[in-house]
Amino acid sequence: MEFLAIAFAGVLGNICSILSLSTTSTGWFNSLCSPGDISSVLGPHLSSGAHIYLPGSDQFTQATTRWSAYQAPNFTVIVKVATESDVGETVKYANKQNIPFIAVNGGHGAIRSLEDGKTATIGGGALSKQITDSLWTKGKQTVTGICECTSLLGPGLGGGHGILQGRYGLIADQFVSLNVVLANGSLITVGEESDLWWGLKGAGHNFGIITSATTKIYDVPDDGVWSYIRFIYTHDKVEDLYEAINTHLLKNGTQPVDFFSYSLFFNLPSLDPDHSLIAFFILQGGTASVESQYADPFKKMGPVMMKGDHGSFKDIAKWTDMATDSPPSLNNSFFLFEGYSVQGVQSIPSDSTAFPHREANLLVAPVVTYEPGDKKLESEAFQFGETLREIIFQGSDEKEMYSYVNYASGNEGPQSWYGYEPWRLEKLRVLKEKYDPDNRLSFYAPFV
Ligand SMILES: Cc1cc2nc3c(=O)[nH]c(=O)nc-3n(C[C@H](O)[C@H](O)[C@H](O)COP(=O)(O)OP(=O)(O)OC[C@H]3O[C@@H](n4cnc5c(N)ncnc54)[C@H](O)[C@@H]3O)c2cc1C
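In this report, the structure presented in the accompanying data block is examined.

Reading guide: rules and limits
Residues numbered from 1 in each chain as written. Predicted model: local features only at pLDDT ≥ 70, side-chain atom pairs only at ≥ 80, totals over all residues. Heavy atoms only, no water. Near = heavy atom within 4 Å. Polar contact = N/O pair within 3.5 Å; in protein donor to acceptor, adjacent residues only side chain to side chain. Areas by Shrake-Rupley, 256 points an atom, 1.4 Å probe, with all protein chains shown as cover. Helix = DSSP H or I, 4+ residues; strand = E, 2+ residues; numbered from the N terminus. Expected span 1.5 Å × (residues − 1). Buried < 20%, exposed > 50% of the residue type's maximum accessible area, 1.4 Å probe, protein only. Arc of directions from axis to C-beta. Salt bridge = Lys/Arg side-chain N within 4 Å of Asp/Glu carboxyl O. Pairing = 2+ DSSP bridges. Axes fitted to C-alpha atoms, helices over the stretch in contact; angles between N-to-C directions. Contact = heavy atoms within 4.5 Å. Phe/Tyr/Trp six-rings, centres within 6.5 Å; stacked < 30°, edge-to-face > 60°. Lys NZ or Arg CZ within 6 Å of the ring centre and 35° of its normal.

Moving on, we come to the site of the ligand. The local shell around the ligand holds 27 residues, among which Ala103, Asn105, Ile146, Ser151 and Tyr404 are the closest. Asn105 places a main-chain nitrogen or oxygen 2.7 Å from an oxygen atom of the ligand. A distance of 3.1 Å separates a nitrogen atom of the ligand from a polar backbone atom of Gly124. Protein contact buries 85% of the 950 Å² of open area that the ligand shows by itself. Listed by contribution, the elements that provide at least two residues to the shell around the ligand are strand S4 (101–108), helix H7 (153–156) and strand S10 (209–216).

Here it is, written out as structure tokens:
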């Protein structure tokens, strides 16, 4: 049984404050402000496994807790759905009452079936860990994000980077068909014969709620062995380090296929009170230790710390502190440079999906953390992040800023998320007019 939480989001405040802007729907919004009525109106249309949660309940809090507090929607009701029909009924109901809604991936979902050893059907709320673990028991794997706590479809609808992308492409490239509840509440199955297929793979958040995805799966090669090595360097090594990364690893997108290298700037006053440190990771598949041709240049550079191990693909989340039970080792701000291998991504024609950044070899992201609840601090943190990003942008040869939609802060704009070639946004807008003319799905990197 799959669960995907749909939260009704009052983006202008809570539903009661929308009420003050509305004259036609007053009766309804009044009733929404009185807990219980939504249950009696929508409840009978939902399956027995569905739940409606109102503010004040533990389940509501759990369903609305986000990794980032920045520009968080102000949820007023959570409908935790259990069937595809629940999603359709909830969307129809929200439309009838003109209530904004958004899918919140509740992190519940399972692999429904492994059809023929080449594809699996995965519930719309499934998390990376559930997918990797279930496939692993059958000797299979697929592309997921590195963090065990993110879903498959949240990243996948915007492209979806993962460690296996060098071999197989993005998460979205694995989709074989998607069951989608459209903005009008109808359920359709979308495959490559549909015009919507193109838009779902890169701008999918704007077109529907995915209740399940049939995706490609692959045999685990080489017993799934992976190894890693992690170095920590002091700030004075920064130029040598990035010169070596470019020369020995990334090599203009020719880093080996089963490979992932990334670095991050972070602060650790106990090691250096005055400067940032740089952590640098190399992960390599198919070998019990990172090959010396890749590791040696970095060993010679004099790291202050070095650590490594080998295990299976499933250990990677633990090594990189991205496992569900990892300690919060990076709870301060950091600056991330991710070097995924790109062969699988770049083997797919750029114009064949709405994901516009196939030619990019690096993902660069400042991650600024702050205590939530203080608007002034939030604004300062945002400005700080913008400044850091601008420094990197100015230092690059790029004329336009390209933003991976799933890492975006929100102010970059549609061209930056979906591509500067005019035909890309035109094509998306034609699809939007056809599949969501009332712009009901408009809260995640919208382009209209
Ligand atoms: C710790 C961390 C690690 C990350 N690692 C990676 C990574 O390795 N690779 C990568 O590409 N990105 C990564 N990201 C970015 C990630 O892609 C985004 O944060 C993404 O939005 C997470 O999706 P979610 O479903 O888990 O979260 P949610 O906040 O629940 O969903 C995000 C968006 O997706 C929509 N959505 C979710 N499920 C569905 C669905 N079934 N149908 C329709 N819409 C849906 C939601 O409505 C929302 O708009 C990471 C983020 C974090 C915080």
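A separate point is helix H16 (residues 422–435). One turn of the α-helix equals 3.6 residues, which is why residues spaced by three or four share an orientation. Between its first and last C-alpha atoms H16 spans 20 Å; for 14 residues at 1.5 Å apiece the expected length is 20 Å, and the two agree. Taken as a whole, H16 has its buried residues at Arg424, Leu425, Leu428, Leu431, Lys432 and Tyr435. For H16, the angular spread of the buried residues around the axis is 125 degrees, confining them to a single face. What points out from H16, more than 90 degrees from its buried face, is the exposed set Pro422, Glu426, Val430, Glu433 and Lys434.

The next thing to look at is the pattern of salt bridges. Under the definition given, this model contains 14 salt bridges. One salt bridge connects Asp258 with Arg167, and the closest N-O pair in it is separated by 2.6 Å. Here the residue Asp258 occupies a position in the loop between helix H10 (238–250) and strand S13 (259–266), and Arg167 occupies one in helix H8 (residues 165–168), the gap between them amounting to 91 residues. When its relative accessible area of 39% is taken as the criterion, Arg167 is described as partly exposed. Residue Arg424 is joined to Glu421 by a salt bridge in which the shortest nitrogen-to-oxygen separation is 3.4 Å. With relative accessibility at 1%, the residue Arg424 sits in the buried group. Salt bridges here are not isolated pairs; linked through shared partners, they connect Lys129, Asp133 and Lys314.

This next bit is on the sheet that holds strand S8 (residues 175–181). Read from one edge of the open sheet, five strands run S5-S6-S10-S8-S9, paired in antiparallel fashion. A single partner strand is all that each edge strand has here, and the edge strands are strand S5 (111–114) and strand S9 (187–190). Each adjacent strand pair in this sheet contributes to an overall mean axis angle of 15 degrees, direction not counted. The sheet contact formed by S8 and S10 spans six bridges and is antiparallel. Counterpart to Leu178 in the pairing with S10 is Ala213. Packed on one face of the sheet, helix H6 (residues 128–136) meets S5 and strand S6 (119–123) and runs near 30 degrees to S5. Strands in contact with helix H9 (residues 196–203) are S8, S9 and S10; relative to S8, the strand with the most contacts, it is inclined by about 90 degrees.

With seven of eight residues buried, S13 lies mostly within the body of the structure. Relative to strand S16 (residues 334–340), S13 runs antiparallel, the two being bridged by seven bridges. Counterpart to Ser261 in the pairing with S16 is Gly339.

What follows deals with the side chain of Lys432. Along the polypeptide, Lys432 turns up in helix H16. With a relative accessible area of 3%, Lys432 lands in the buried category. There is a polar contact of 2.6 Å between the side chain of Lys432 and the backbone oxygen of Asn206. If sequence neighbours within four positions are ignored, Lys432 has contacts with Asn206, Phe207, Pro437, Asn439, Leu441, Phe447 and Val448.

Time to look at the environment of Val405. Here Val405 is to be found in the loop between helix H14 (375–395) and helix H15 (414–418). The class for Val405 is buried, based on a relative accessible area of 6%. Along the sequence, Val405 and Tyr444 sit 39 residues apart, while their C-alpha atoms lie 8.9 Å from each other. Ignoring any residue separated from it by four or fewer positions in sequence, one finds Val405 in contact with Gly158, Gly202, Trp417, Tyr418, Tyr444 and Ala445.

Attention now moves to the packing of aromatic side chains. Each aromatic ring pair is characterised by the separation of its centres together with the angle its planes make. Scanning the entire structure with this criterion turns up 24 aromatic pairs. When the ring of Phe260 is compared with that of Tyr262, the centres are 5.1 Å apart and the planes differ by 25 degrees; the resulting orientation is stacked. Neither residue differs from the other here; Phe260 and Tyr262 are each classed as buried. Ring centres 5.3 Å apart and planes at 80 degrees place the aromatic pair Tyr402 and Tyr420 in the edge-to-face group. In this pair, Tyr402 sits in the loop between H14 and H15 while Tyr420 sits in the loop between H15 and H16, placing the two residues 18 residues apart along the sequence. Among the aromatic residues, those joined into a ring-pair cluster are Tyr228, Phe260, Tyr262, Phe281, Trp319 and Tyr340. The ring of Trp198 is capped by Lys427, whose NZ or CZ atom sits 4.5 Å from the centre of that ring.

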